[in-house]
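Inside the fold
Take a look at the letters that make up each chain.
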Amino acid sequence: MLSPLQARRPAAGRTRPARLEICPPQRQHAPQHWLGRVKNWLVAGWPGASTPASILPERSLALTAARQDFFAAAADLKLPAATALLDRIEVAKSMRELWHLRAEVFALVSLELSQLEADRRLAALNRHFPTRAPRSGFVGLNNGRDNMWP
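Residues numbered from 1 in each chain as written. Predicted model: local features only at pLDDT ≥ 70, side-chain atom pairs only at ≥ 80, totals over all residues. Heavy atoms only, no water.

1. Details of the overall build of the protein
Selection criterion: Put simply, DSSP H or I for four residues or longer makes a helix, DSSP E for two residues or longer makes a strand, and each gets a number counted from the N terminus. Here's how the labels work: a residue is buried when its accessible area is under 20% of the maximum for its type, exposed when over 50%, partly exposed in between, all with a 1.4 Å probe on protein chains only. Throughout, a contact is declared for two residues whenever any of their heavy atoms are within 4.5 Å. Working definition of accessibility: Shrake-Rupley area with a 1.4 Å probe, residue cover restricted to the visible protein chains.
Tallying secondary structure elements over the protein gives 6 helices and 2 strands in all. Listed by position from the N terminus, the elements making up the protein come as α-β-α-α-α-α-α-β. Sorting the 150 residues of the protein into buried and exposed places 21% on the buried side. Considering only contacts in the protein between residues 6 or more positions apart, those separated by 24 or more positions represent 71%. Of the roughly 12100 Å² of accessible surface on the protein, 59% is carried by carbon and sulfur atoms.

Here it is as structure tokens:
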């Protein structure tokens, strides 16, 4: 007779597909000394100075595309928190800030619509962020002898 733990274990030929991890984008700049930040601030010019669209960096174009997809994912929501979310999407200054808003998009869509729809919309948002395969070959403290998970 099989134990409940063995009964849940998949057959040898049937294993779960590897799940991809969606990673936050790298920070654009390493932290600088305060003097370097002041120098960069002085060289950059006045805040609010407009940059012509022809010289927008590729990162800005990626940010604009991601921001549009985030708007599309949350625009039809009627919850009061959705309005605040749309405001935060609009003022996000980096892909990293948008990455942190993914969980809130998922939560609001799953509350108002369904978890299946939230999964679908989150998959559309995840294409903007780097992925990696989960770490494989992790060995616990007892060199794999304490493998209690199926």
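2. A closer look at the confidence of the model for the protein
Threshold: pLDDT measures how confident the predictor is about each residue, on a scale from 0 to 100.
Confidence along the protein averages 75 in pLDDT terms, with 57% of residues attaining 70 or more. Predicted confidence is poor over residues 51-55, with pLDDT under 50, and the contacts of this stretch with residues over four places away or in other chains come to 0 contacts. Contacts from residues 137-150, a stretch scored under 50 in pLDDT, to residues over four places away or in other chains number 5 contacts.

3. Digging into the packing of helix 5 (residues 95-112) against helix 6 (residues 115-126)
The test is simple: Lines fitted to the C-alpha atoms define the axes, with helices restricted to the stretch that makes contact. Angles between their N-to-C directions range from 0 to 180 degrees. An angle below 35 degrees is read as roughly parallel, one above 145 as roughly antiparallel, one from 65 to 115 as roughly perpendicular, and any other as oblique. Helix crossings fall into two classes, left-handed where the near helix is turned counterclockwise from the far one by less than a right angle and right-handed where it is turned clockwise. Throughout, the ten residues Ala, Val, Leu, Ile, Met, Phe, Trp, Tyr, Cys and Pro are labelled nonpolar, Asp, Glu, Lys and Arg are labelled charged, and all others, Gly among them, are labelled polar.
Look at helix 5 against helix 6: their axes get within 8 Å of each other, and the N-to-C directions meet at 155°. Of the possible angle classes, the one that applies to helix 5 and helix 6 is roughly antiparallel. For the pair helix 5 and helix 6, the crossing hand works out as right-handed. Residues Arg102, Val105, Phe106, Val109 and Ser110 of helix 5 touch helix 6, and the partners they reach there are Gln115, Glu117, Ala118, Asp119, Arg121, Leu122, Leu125 and Asn126. A breakdown of the residues in the contact of helix 5 with helix 6 according to their chemical character gives 6 nonpolar, 3 polar and 4 charged.

4. With respect to helix 5
Each turn of an α-helix holds 3.6 residues, which means side chains three or four residues apart point in the same direction. Counted only if it meets this: Take the number of residues in a helix, subtract one, and multiply by 1.5 Å to get its expected span. Working definition for bend: take the seven residues up to and ending at a residue and the seven starting at it, fit an axis to each, and measure the angle between the axes.
Counted at 1.5 Å a residue, the expected span for helix 5 with its 18 residues is 26 Å, and the 25 Å between its end C-alpha atoms agrees. The principal kink in helix 5, of about 30°, is found at leucine 101. Within helix 5, the full set of buried residues consists of Met95, Leu98, Trp99, Leu101, Arg102, Val105, Leu108 and Val109.

5. What to know about the packing of helix 4 (residues 80-91) against helix 5
Two elements in contact, helix 4 and helix 5, have axes whose closest approach is 11 Å; the angle formed by their N-to-C orientations is 160°. When the interaxial angle is binned, helix 4 and helix 5 end up roughly antiparallel. You can see that helix 4 and helix 5 cross each other, and the crossing is left-handed. Contacts from Ala81, Ala82, Leu85, Arg88, Ile89 and Val91 in helix 4 reach Glu97, Leu98, Leu101, Glu104, Val105 and Leu108 in helix 5. Classifying every residue of the contact of helix 4 with helix 5 gives 9 nonpolar, no polar and 3 charged.

6. Observations regarding a nonpolar patch on the surface
This is how it is decided: A patch consists of residues exposed above 30% relative accessible area that lack any salt bridge, with like charges linked at up to 9 Å and nonpolar side chains (Val, Leu, Ile, Met, Phe, Trp, Tyr) linked at up to 5 Å. Any carboxyl oxygen of Asp or Glu that lies within 4 Å of a side-chain nitrogen of Lys or Arg is treated as forming a salt bridge with it.
Taken together, the side chains of Trp34, Leu35, Val38 and Leu42 make up a nonpolar region of the molecular surface, amounting to roughly 430 Å² of accessible area. As for its placement among the helices and strands, valine 38 is situated in helix 2 (residues 34-44). The class of valine 38 is partly exposed, set by a relative accessible area of 36%.

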